[in-house]
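# A closer look at the structure
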Amino acid sequence: MRVGAWRSAARRRSAPGLRSDVWARCPEIDTAARQAQAFALILRKREGGRLMEWIAQAEACGVKEITSFATGPRKDLAAVTAGLTEHWSSGAVEGHVNRIIMIKRTGYGRASFSLLRRRIRLMS
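Residues numbered from 1 in each chain as written. Predicted model: local features only at pLDDT ≥ 70, side-chain atom pairs only at ≥ 80, totals over all residues. Heavy atoms only, no water.

### Quick word on the environment of Ala 32
Topologically, Ala 32 is positioned in helix α2 (residues 27–45). With residues up to four places along the chain from it excluded, the contact list for Ala 32 reads Val 63 and Ile 66. (Helix = DSSP H or I, 4+ residues; strand = E, 2+ residues; numbered from the N terminus. Contact = heavy atoms within 4.5 Å.)

### Regarding the packing of helix α3 (residues 51–60) against helix α5 (residues 77–85)
The interhelical angle for the contact between α3 and α5, taken along N-to-C directions, is 120°, at an axis separation of 10 Å. Mapping the contact onto sequence places Leu 51, Met 52 and Ile 55 in α3 and Leu 77, Val 80, Thr 81 and Leu 84 in α5. (Axes fitted to C-alpha atoms, helices over the stretch in contact; angles between N-to-C directions.)

### Re the pattern of salt bridges
Note that side chains of opposite charge can pair when their charged atoms are close. Summed over the entire model, instances satisfying the criterion amount to three salt bridges. A salt bridge links Arg 50 to Glu 47; the nearest nitrogen and oxygen atoms lie 2.6 Å apart. For Glu 47, a relative accessible area of 26% gives the class partly exposed. (Salt bridge = Lys/Arg side-chain N within 4 Å of Asp/Glu carboxyl O. Buried < 20%, exposed > 50% of the residue type's maximum accessible area, 1.4 Å probe, protein only.)

### Details of unusual backbone geometry
Notably, Arg 46 is not glycine yet its phi reads approximately 55°, a positive angle. Its place among the elements puts Arg 46 in the loop between α2 and α3. Judged by its relative accessible area of 37%, Arg 46 falls in the partly exposed class.

### Things to note about a nonpolar patch on the surface
Together, Leu 18, Val 22 and Ile 29 make up a nonpolar patch on the protein surface, roughly 250 Å² of accessible area in all. Structurally, Leu 18 is set in helix α1 (residues 2–25). (Patch = residues over 30% accessible without salt bridge, like charges linked within 9 Å, V, L, I, M, F, W, Y side chains within 5 Å. Areas by Shrake-Rupley, 256 points an atom, 1.4 Å probe, with all protein chains shown as cover.)

### Notes on the side chain of Gln 35
Of note, Gln 35 is situated in helix α2. Once you skip the residues sitting within four places of it in the chain, Gln 35 turns out to touch Trp 54, Gln 57, Ala 58, Cys 61 and Ile 66.

### Topic: the nonpolar core
Core analysis: the biggest nonpolar cluster contains eleven residues, these being Ala 32, Phe 39, Ile 42, Leu 51, Trp 54, Ile 55, Ala 58, Val 63, Ile 66, Ala 70 and Leu 84. When residues of this core are traced back to their parent elements, those giving at least two are α2, α3 and α4 (64–74). With four residues, the top contributor of residues to this core is α3. (Core = buried A, V, L, I, M, F, W, Y, C linked by side-chain atoms within 4.5 Å.)

### Here's the deal with the packing of aromatic side chains
Per the stated rule, a full pass over the model turns up three aromatic pairs. Considering the side-chain rings of Phe 39 and Phe 69, the 5.3 Å spacing of their centres and the 85° angle between planes classify their relative orientation as edge-to-face. Remark: Phe 69 occurs in helix α4 and Phe 39 occurs in helix α2; sequence separation between them is 30 residues. Consider the rings of Trp 54 and Phe 69, whose centres lie 6.1 Å apart with planes at 80°: the pair is edge-to-face. (Phe/Tyr/Trp six-rings, centres within 6.5 Å; stacked < 30°, edge-to-face > 60°.)

### A few points about α4
Of all the positions in α4, only Ile 66, Ala 70 and Pro 73 are classed as buried. For α4, the buried positions fall inside an angular range of 50° around the axis, keeping them on one side. Exposed and facing more than 90 degrees away from the buried side of α4 are Lys 64 and Glu 65. (Arc of directions from axis to C-beta.)

What follows is the structure, encoded as structure tokens:
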């Protein structure tokens, strides 16, 4: 067990150096990583107001994958900005909807509405 812990610690110490070496050798990876870090910071700090600025930088960065990813939030910018800014979330409701859909699909073609309702109530 000690050998495994030692190897794990060695990997953690060498990873940042390896990462910066790879980034230095490939400017496209460096650009993509910096854009990803900037987006992660917006997510962590819930700074939806900075999203438009990040999208503009991402579209101008020249990395095809980052540019493609950045065009997604433009489709519903108001909702994405609100999701990154507001403190509340509809995640719990979405979880319940997914659970009910799963129950419904398991009884598809075999069950009536009354059985579906009973199964949902029993699983709650």
